[in-house]
Amino acid sequence: MAINPVYLGGAGGLLLDTGNGPSFLPLPPQVLQQVAQNNSEPGVTTLKLPDLNYSRPADLPAREVDIELCFVCKKCRMAYPSDSALLAHQRQCYGPNQDSRGTFRIVQTGYECRPCNNGEKFKTLIDMQGHVQSEAHQRHMTGSESSLSQEIEDVVNQITLLATRAAQEAPQGHILDSNSNGFCQPAEPKRRFLSPTHALTSAGH
């Protein structure tokens, strides 16, 4: 028998089994409405909470990700904080009909730091901004800039080394023409020609 969403103090939500007894998990009405529907199809149905972060700074180095809030059994509508806890419950809830297991996966929009890229997720923009101002983030950014500078210096050194080797291996009898892409032969020496009068005079002697 399905358990309908519960309401405490006017707020709607689900009972979340934390392992230490049930606790109340508030959820927006549109999500609760989808959970309350008679959806018993096998498999996983993902429901996403509305994104209420309207003023995200353009320069915030973050990417949006899904953060899993809970997993809800489609048969009894009990919520669990992890998929492993839900699976343990459904082994008993569905009994021999394990192929019919159905799950609501409820997620919300979260954020990850692009530069750090360490898998840490933040539920709110305030949490994300706090991370950006943290010592760990600043230390990572400083290390990244130093690494990039070192890579640029290595590339410049390699180019300089290749240019030096090319100059040393160039043939000695060739002169590099700065206005062309190849080597030019040295100019031939000028030939001396005798005038006809001088030639006849020399022949007479």
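Position numbers for residues count from 1 along each chain, tracking the sequence in the order it is written. Local features in this predicted model are restricted to residues of pLDDT 70 or higher, and side-chain atom pairs are both shown and tallied only at a pLDDT of 80 or more, whereas totals for entire chains, interfaces and linings draw on every residue. Hydrogens and water molecules were not included; the side-chain quantities draw on all heavy atoms of the structure.

The name that an unreviewed UniProt entry assigns to the protein chain is C2H2-type domain-containing protein, with the source organism given as Dendroctonus ponderosae.

K.L.:
Sorry, what's going on with the overall build of the protein chain here?
P.N.:
If you tally the helices and strands in the protein chain, you get five helices and 10 strands. Exposure categories follow from relative accessible area, calculated using a 1.4 Å probe and restricted to protein chains: below 20% of the type maximum is buried, above 50% is exposed, and the middle band is partly exposed. Within the protein chain, the proportion of its 205 residues that are buried is 26%. In this description, contact between two residues means that some pair of their heavy atoms is separated by no more than 4.5 Å. Sequence separation of at least 24 residues holds for 55% of the intrachain contacts in the protein chain that already meet a minimum separation of 6. Counting every atom, the protein chain has about 14,500 Å² of accessible surface; 53% of that belongs to carbon and sulfur. Only DSSP runs of H or I with at least four residues qualify as helices, and only runs of E with at least two residues qualify as strands; both kinds are numbered from the N terminus onward. Every accessible area reported is derived by Shrake-Rupley at a probe size of 1.4 Å, with residue values counting cover from the shown protein chains alone.

K.L.:
Before we go on, may I ask you to explain the environment of arginine 91 in this structure?
P.N.:
In this structure, arginine 91 sits in helix α2 (residues 83-93). According to the relative accessible area criterion, arginine 91 is exposed, its value standing at 54%. Arginine 91 sits 10 residues away from arginine 101 along the chain, and the two C-alpha atoms are 8.8 Å apart.

K.L.:
How do you make sense of helix α3 (residues 125-132) when you look at a structure like this?
P.N.:
Three or four residues apart is the spacing at which side chains of an α-helix point the same way, because the helix has 3.6 residues per turn. Among the residues of α3, those classed as buried are Leu125, Met128, His131 and Val132. Taken around the axis of α3, the buried residues stretch over an arc of 115°, which confines them to a single face. Relevant arc is that of directions from the helix axis to the C-beta atoms, nothing else.

K.L.:
Can you walk me through the packing of aromatic side chains in this structure?
P.N.:
Each aromatic ring pair is characterised by the separation of its centres together with the angle its planes make. Ring geometry is summarised as follows: Phe, Tyr and Trp rings, the Trp one being its six-membered ring, pair when their centres sit within 6.5 Å, and such pairs are stacked at plane angles under 30 degrees, edge-to-face over 60 and tilted between the two. One pass over the full model with this rule turns up zero aromatic pairs. The ring of phenylalanine 104 has lysine 74 lying over it, and the distance from NZ or CZ to the ring centre is 5.2 Å. Criterion for a charge above a ring: Lys NZ or Arg CZ within 6 Å of the ring centre, and within 35 degrees of the ring normal. One Lys or Arg, lysine 75, reaches over the ring of tyrosine 94 and ends 5.4 Å from the middle of that ring.

K.L.:
Where do I start with unusual backbone geometry in this structure?
P.N.:
Peptide bonds are, in most cases, trans, and in most cases residues other than glycine have a negative phi. One non-glycine residue with positive phi stands out, namely arginine 77, at about 65°. Along the chain, arginine 77 falls in the loop between β5 (62-73) and β6 (79-80).

K.L.:
Even after reading the chapter, I still don't get the pattern of salt bridges, so can you show me in this structure?
P.N.:
Two side chains bearing opposite charge may form a pair once their charged atoms approach each other closely. Any Lys or Arg side-chain nitrogen located within 4 Å of an Asp or Glu carboxyl oxygen qualifies as a salt bridge. Counted by the stated rule, this structure contains three salt bridges. Across the pair arginine 63 and glutamate 112 runs a salt bridge whose closest N-O atoms are separated by 3.2 Å. A residue pair is termed long-range when its members are at least 10 positions apart, and arginine 63 in strand β5 and glutamate 112 in strand β7 (residues 102-113) qualify at 49 residues. Given the relative accessible area of 11%, glutamate 112 is considered buried.

K.L.:
For this particular structure, what's the right way to read the side chain of histidine 89?
P.N.:
Examined against the element boundaries, histidine 89 turns out to sit in helix α2. Judged by its relative accessible area of 18%, histidine 89 falls in the buried class. Throughout this description, a polar contact denotes any pair of N or O atoms lying within 3.5 Å of each other; where both atoms belong to protein, one of them has to be capable of donating a hydrogen while the other can accept it, and for residues adjacent in sequence the pair is counted only when both atoms sit in side chains. At 2.8 Å, the side chain of histidine 89 forms a polar contact with the side chain of tyrosine 80. When sequence neighbours within four positions are dropped, the list of residues in contact with histidine 89 reads Cys73, Cys76 and Tyr80.

K.L.:
Can you help me understand the nonpolar core in this one?
P.N.:
Leu14, Leu27, Val31, Val35, Cys70, Val72 and Ile106 are the most contacted members of the largest nonpolar core, which has 15 residues in total. When contributions to this core are tallied by element, the ones reaching two or more residues are β2 (11-17), α1 (29-36), β5 and β7. Dropping the residues within four chain positions of it, isoleucine 106 is found in contact with Leu14, Leu27, Val31, Val35, Leu47, Leu49, Ile67, Glu68, Leu69, Cys70 and Val72. We define a nonpolar core as any set of buried Ala, Val, Leu, Ile, Met, Phe, Trp, Tyr and Cys residues linked to one another through side-chain atoms lying within 4.5 Å. Judged by nonpolar contacts, the second largest core, of nine residues, contains Tyr111, Phe122, Leu125 and Met128.

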